[in-house]
Amino acid sequence: MSLQGKNFKLSNGNTIPAVGYGVGTKWFKFGRNEIDDNVVNAVQLAIETGAPHIDGAEVYNTNKEIGQSLTNSGVKREDVFVTDKYFAGDGSYQARSTNANPYEALKADLKDLNVDYVDLYLIHAPFVKKETHGFDLAEAWQYLEKLVDDGYAKNIGVSNFAKEDLEVILNSKPKYKPVINQIEYNAYLQNQTPGIVEFSKSNDILVTAYSPLGPLLKGKPGPIDDYVNKLASKYDKTDSQILLRSVLQNGILPITTSSKKERIKASLEIFDFELTKDEVSEINKLGEQKTLRQYWTKEYSKYD
Ligand SMILES: NC(=O)C1=CN([C@@H]2O[C@H](COP(=O)(O)OP(=O)(O)OC[C@H]3O[C@@H](n4cnc5c(N)ncnc54)[C@H](OP(=O)(O)O)[C@@H]3O)[C@@H](O)[C@H]2O)C=CC1
Ligand SMILES: O=C1Nc2ccccc2C1=O
């Protein structure tokens, strides 16, 4: 779970590149089934710029594009870390995996991704119910464990899980514990759900942060603006690099994205400087003055 160079070490001893490139959000194309060359080109650009970690999901409907970009770039399979996610759906999102269960879902996704295995498979959100899915959360987890045993996933984890959801899995005597909880995290949302960062860390579950640049993109004007900008001048970095670095120094892995080569490159150049402990604390402290939540608002904005 600790940062070692440009990787985090996971509780199972495996490693994960410490910055992820997302193929959801601006690339999300649920319901559009033709291959989108803009997405192929963007992911290819990211891989060719050196991004070693690609964050996809069935619901993004961009797995074929990821597969195409892996082929086009000629990158060796072992040199890129590929994540996929099982989308259970729920009341607020119409989308739902078209497959019967996570085991069948990943096997179908591997064909689109044109790979034999993924490095990480996540349950995209905890809204799995026996009545609607035919299996509960603990049983969903067993499908992921079987994917590990059968060689289709190297690591398994969860996303958007609250403490209670993690407890369901941890208390079910799992064969493998979740190694990751991917949640929305930025200076203005330091816990997607109450106490989730501390709870995840204390169970050796690495927190990964989606939408880490929220304060820059959706949070302005805001209480961290001037301070982040001052640090950017001090370290000769961009505001976004300061935000990504502060996420890392909170022991959390940032997942960002961009269509622009310079920004992709900048997102990978956050390992050659270090904020002081006080600077990270100050960003966190200033950040507490504001809340910014962009995803799963129907489920979680009750905590704001
Ligand atoms: N598990 C889940 O439920 C969720 C997972 N995710 C995952 O996380 C990924 C990242 O999420 P996202 O919210 O996009 O992350 P970010 O907060 O990093 O925002 C990325 C956006 O910022 C822009 N950007 C990048 N660098 C800069 C910069 N220096 N200055 C100004 N704008 C910049 C990019 O656009 P541009 O092209 O203009 O650079 C892009 O649209 C997703 O693609 C997905 O894989 C996201 C949401 C939910
Ligand atoms: O990237 C994403 N965009 C989304 C929109 C709604 C729910 C989940 C997601 C993602 O994971």
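Residues numbered from 1 in each chain as written. Chains lettered and ligands numbered in written order. Predicted model: local features only at pLDDT ≥ 70, side-chain atom pairs only at ≥ 80, totals over all residues. Heavy atoms only, no water.

An unreviewed UniProt entry lists the protein under the name 2-dehydropantolactone reductase, with Debaryomyces hansenii given as the organism. Listed in UniProt under the heading Sequence similarities (unreviewed entry), the comment for the protein reads: "Belongs to the aldo/keto reductase family." (UniProt positions renumbered as here; feature names shortened; annotations may be inferred.)

*Asks:* So what's going on with the overall build of the protein? Residues and values would help.
*Replies:* When helices and strands are counted, the protein shows 13 helices and eleven strands. Against the compact-globule benchmark of 19 Å for 304 residues, the protein has a radius of gyration of 18 Å, which places it among compact chains. In terms of principal-axis extent, the alpha carbons of the protein reach across some 50 × 40 × 35 Å. The buried share among the 304 residues of the protein stands at 57%. Here the analysis covers contacts within the protein between residues at least 6 apart in sequence; of these, 76% occur between residues at least 24 apart. Of the accessible surface of the protein, which amounts to about 13300 Å², a share of 46% is contributed by carbon and sulfur atoms. The protein carries 37 positive and 42 negative side-chain charges, and their two centres are separated by 1 Å. (Helix = DSSP H or I, 4+ residues; strand = E, 2+ residues; numbered from the N terminus. Rg over C-alpha atoms; globule rule 2.2 N^0.38 Å. Buried < 20%, exposed > 50% of the residue type's maximum accessible area, 1.4 Å probe, protein only. Contact = heavy atoms within 4.5 Å. Areas by Shrake-Rupley, 256 points an atom, 1.4 Å probe, with all protein chains shown as cover. Lys, Arg positive; Asp, Glu negative; His and termini not counted. Charge placed at Lys NZ, Arg CZ, Asp CG, Glu CD.)

*Asks:* Hey, could you go over the pairing of strand β7 (residues 118–123) for me, with residue numbers and the actual values?
*Replies:* Extensive coverage of β7 is indicated by the burial of six of its six residues. As judged from the five bridges shared by β7 and strand β8 (residues 153–159), these two strands associate in the parallel manner. In the strand pairing of β8, L122 is matched with G157. (Pairing = 2+ DSSP bridges.)

*Asks:* Give me the site of ligand 2: which residues, what numbers.
*Replies:* As a structural note, the neighbourhood of ligand 2 is formed by G24, T25, F28, Y60, Y93, H124, Y295 and W296. Within the backbone of T25, an N or O atom sits 2.9 Å from an oxygen atom of ligand 2. Here Y60 contributes a side-chain N or O atom positioned 2.6 Å from an oxygen atom of ligand 2. Calculation on ligand 2 without its partners gives an accessible area of 290 Å², and the protein chains cover 85% of this total. The cavity where ligand 2 resides is the largest pocket. Split into classes, the residues belonging to the shell around ligand 2 amount to five nonpolar, three polar and no charged. (Near = heavy atom within 4 Å. Polar contact = N/O pair within 3.5 Å; in protein donor to acceptor, adjacent residues only side chain to side chain. 1 Å grid on protein atoms, 1.4 Å probe; cavity = no way out; pocket = protein on both sides within 12 Å on 5 of 7 lines; lining within 4 Å. Sits in = over half its atoms within 2 Å of the grid points. Nonpolar A, V, L, I, M, F, W, Y, C, P; charged D, E, K, R; others polar.)

*Asks:* Tell me about the UniProt feature "site: Lowers pKa of active site Tyr" (unreviewed entry) in the protein, and name the residues and values.
*Replies:* Residues annotated in UniProt with the feature "site: Lowers pKa of active site Tyr" (unreviewed entry) correspond here to K85. Classification of K85 as buried rests on a relative accessible area of 0%. In contact with K85, other than residues within four places in its own chain, are D55, G56, A57, E58, Y60, D109, Y121, L122, H124 and Q182. There is a polar contact of 3.1 Å between the side chain of K85 and the backbone oxygen of G56.

*Asks:* Just give me the short version of the site of ligand 1, but keep the residues and values in it.
*Replies:* Taken together, 27 residues lie near ligand 1, and K26, D55, T256, S258 and S259 sit nearest. The separation between a nitrogen atom of ligand 1 and a polar side-chain atom of S159 is 3.0 Å. S211 is positioned such that a nitrogen or oxygen atom in its side chain is 2.7 Å from an oxygen atom of ligand 1. Coverage of ligand 1 by the protein chains reaches 87% of its 920 Å² of free accessible surface. When each cavity is represented as a set of grid points, ligand 1 is found to reside in the largest pocket. Counting residues per element, the ones that place at least two in the shell around ligand 1 are α8 (214–217) and β11 (253–256). For the shell around ligand 1, the class distribution of residues is nine nonpolar, 14 polar and four charged.

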